[in-house]
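Structural overview for review
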Amino acid sequence: MEWLMDPSIWVGLLTLVFLEIVLGIDNLIFIAILADKLPPHQRDKARLIGLSLAMAMRLGLLTIVSWLVTLTTPLFSLASFSFSGRDLILLIGGLFLLFKATVELHERIEGVTHVQSGNKVYAGFAAVVAQIVVLDAVFSLDAVITAVGMVEELWVMMAAVVISIGVMILASKPLTRFVNAHPTVVVLCLSFLLMIGLSLIAEGLGFHIPKGYLYAAIGFSVLIETLNQFARRNFLKNEARLPFRERTADTVLRMLGNRRQTAHGPVPDEAPDQEQGEQDAFAVEERNMVSGVLTLADRSIRSIMTPRAEMSWVNLEQDAATVLEQLRETPHNQLPVCRGDVDRVLGVARTKDLIGALLLHERIDEADATLLRKPIYLADTAGVLRAMDTLKRARGQLVLVADEYGVVQGLLTPIDLLEAIAGEFPDEDEQPAIRVQGPGRWEADGSADLHLLEQMLDTGSLVDPDAEYSSLAGFLLARFETMPAAGQAIETDGLRFEVLEVEDRRILRVAILRLDPQAGEAAP
């Protein structure tokens, strides 16, 4: 009973059982494919017979191969090497394992998969069992040679085969699911085959490699892979805490070739060649439009509306000539009509109707319900999707955005939603809020939308989902923590923001410069 106290016996047995199970997965999968050609009530029986035959086949081959490796009488010599029957078996077996492992690794690295045929015509039971027998003979070779290369005792090899086949019979489906869900485990075991194959070739050439070296290498690799699986599981758990829609958006953007940094950190460049191909397939404008759609629900109304300071509105306290001149010059087809202040809204009217009323009656009748339509208000805390629904029901009328105190903060039109997706559509009296000045140089208005600015600058460090601001001016005020003067600048994420013009406690214009990340200086 000395073997009970020999740790190398137990280490070899456990390692061999693990390898036999993994090496038998392919056999198990193909047996399942063949069994699927039978009627449903015969499949479990065929699977059981197939695995039992696999065990018998391996035990028989083990007995034969174990006998062959005892043939140590030299048969012939080549240079300084003499070869016996044992040496030839070890050499042939080692070369077979190298070939087998190399082919399998190549298929897995290249992504080659074995697809089951769609033919559902049921075959005869005897024909399927015959195919399983042939299949078992082929798939047993690598398992038997691996056993011979791992341990020296025949009974340990047979015990490992019986245990592994028993485990596969009892837990065939969970094992298959586990291996399919963890492809790195299979790659690791195939690398073990390469190592065992080299060990067999060395043995066949007369160079003895202690089995303890193999056990130590395999044990260390299994430990590293276990830590890797734990790390991957924790990563998936942390990723699952993110909203599903956000994870979907990040995935779609990566598919489109968007390499910008997300709110949760930079996206790793795992497949640069594939990403470059995707970038060639999708233009920057297309990627930005998809990004606008996927992030639309996360945005606040304040980030897409026309702010109060940029609103055009009609003041009834002005004389008719002044109002008429304003209406002739405005590019907008609707305007809020107010008295004295934008918070005292009387209604919303079409520009052409206001012009007609002034030309015919030289005044605007605020009691005329056909001229002034009742304004539609929306809280500034509402989401963009709610605003979209409100605009659909507004029948073409603009929507006023007010805060909790009833103060008008801005207005919203369908064109504002379109700009949030596709970028700016400046009116005749406007210029783009972000203007390219040269390579790595931009000039932007303080009111420029941060989401659009992120797309233009190809960065992901400007928008803070928890911040209350949505414009470039708000971003800079949060960084300066005071009203900056013209000429003041800050640097962040490889970009330099310099305030060019300030007026009435408002940041009007900002110069943006991309910095050289290597030298920390402005890029030419």
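Report on the accompanying structure. (Residues numbered from 1 in each chain as written. Predicted model: local features only at pLDDT ≥ 70, side-chain atom pairs only at ≥ 80, totals over all residues. Heavy atoms only, no water.)

1. Considering a nonpolar patch on the surface
Worth spelling out the cut-off: Each patch is built from salt-bridge-free residues with over 30% relative accessible area, joining like charges within 9 Å and nonpolar side chains (Val, Leu, Ile, Met, Phe, Trp, Tyr) within 5 Å. Only the protein chains shown count as covering a residue, and every accessible area follows the Shrake-Rupley method with a 1.4 Å probe. When a carboxyl oxygen of Asp or Glu is within 4 Å of a side-chain nitrogen of Lys or Arg, the pair counts as a salt bridge. Helix and strand assignments come from DSSP, with helices taken as H or I runs of at least 4 residues and strands as E runs of at least 2, each series counted from the N terminus.
Side chains of Phe220, Leu223, Ile224 and Leu227 sit close together on the surface and give an oily, nonpolar patch of about 410 Å² of accessible area. Residue placement: Phe220 occurs in helix 8 (residues 211-240).

2. Brief notes about unusual backbone geometry
Excluding glycine, a negative phi dihedral is what most residues carry, and trans is how most peptide bonds are arranged. Note the cut-off: Each residue's exposure class comes from its accessible area (1.4 Å probe, protein chains only) as a fraction of the maximum for that residue type: buried when under 20%, exposed when over 50%, partly exposed otherwise.
For Asp493, which is not a glycine, the phi torsion comes out positive at approximately 50°. One can find Asp493 in the loop between strand 12 (489-492) and strand 13 (495-503). Residue classification places Asp493 among the partly exposed residues on the basis of a relative accessible area of 38%. Backbone geometry at Asp504 places phi at a positive 55°, although glycine is not the residue there. In this structure, Asp504 sits in the loop between strand 13 and strand 14 (506-514). Given a relative accessible area of 60%, Asp504 falls into the exposed group.

3. Comments concerning the environment of Gly50
Topologically, Gly50 is positioned in helix 2 (residues 40-68). Distance from Gly50 to Val129, taken between C-alpha atoms, is 7.0 Å for residues 79 residues apart in sequence.

4. Some thoughts on the sheet that holds strand 7 (residues 376-379)
Spelled out, the test is: Only when DSSP finds a minimum of two bridges between them are two strands counted as paired.
As summarised here, the arrangement of the four strands in space is 3-9-8-7, forming an open sheet in which the pairing is mixed. Pairing within the sheet leaves two strands with one partner each, and these edge strands are strand 3 (306-307) and strand 7. With four bridges connecting them, strand 7 and strand 8 (residues 399-402) associate as parallel partners. Bridge assignment links Tyr377 to a residue of strand 8, and that residue is Leu400.

5. Looking at the packing of helix 13 (residues 320-329) against helix 14 (residues 351-361)
Our working definition: Lines are fitted to the C-alpha atoms to define the axes, a helix being fitted only along its stretch in contact, and any angle between axes, read from their N-to-C directions, falls within 0 to 180 degrees. Less than a right angle of anticlockwise turn of the near helix away from the far helix marks a crossing as left-handed, whereas a clockwise turn marks it as right-handed. The contact rule is simple, with two residues in contact once any of their heavy atoms fall within 4.5 Å. Just so you know the grouping, Ala, Val, Leu, Ile, Met, Phe, Trp, Tyr, Cys and Pro go in nonpolar, Asp, Glu, Lys and Arg go in charged, and all remaining residues, Gly too, go in polar.
Across the interface, helix 13 lies against helix 14 with an axial gap of 10 Å and an inter-helix angle of 150°. Judged by the sense of rotation from one axis to the other, the crossing of helix 13 with helix 14 is left-handed. Only Thr351, Leu354, Ile355, Leu358 and Leu359 of helix 14 make contact with helix 13, whose side of the interface consists of Ala320, Val323, Leu324, Leu327 and Arg328. Here the residues of the contact of helix 13 with helix 14 are counted per class, giving eight nonpolar, one polar and one charged.

6. Some remarks on the packing of aromatic side chains
For the record, the criterion: For this analysis, a ring pair means two rings from Phe, Tyr or Trp (six-membered ring only for Trp) whose centres lie within 6.5 Å, classed as stacked if their planes differ by under 30 degrees, edge-to-face if by over 60, and tilted for the remaining angles.
Per the stated rule, a full pass over the model turns up two aromatic pairs. On the basis of an interplanar angle of 70° and a centroid distance of 6.5 Å, the ring pair of Tyr469 and Phe475 is categorised as edge-to-face.

7. Brief notes about the pattern of salt bridges
A complete count under the given rule lists twelve salt bridges for this structure. A salt bridge links Arg302 to Asp380, with the nearest nitrogen and oxygen atoms 3.1 Å apart. Of this pair, Arg302 sits in helix 12 (residues 301-304) while Asp380 is found in the loop between strand 7 and helix 15 (384-393), placing the two residues 78 residues apart along the sequence. A salt bridge links Glu501 to Arg509, with the shortest nitrogen-to-oxygen separation between them at 2.9 Å. Exposure remark for Arg509: the relative accessible area of 28% places this residue in the partly exposed category.

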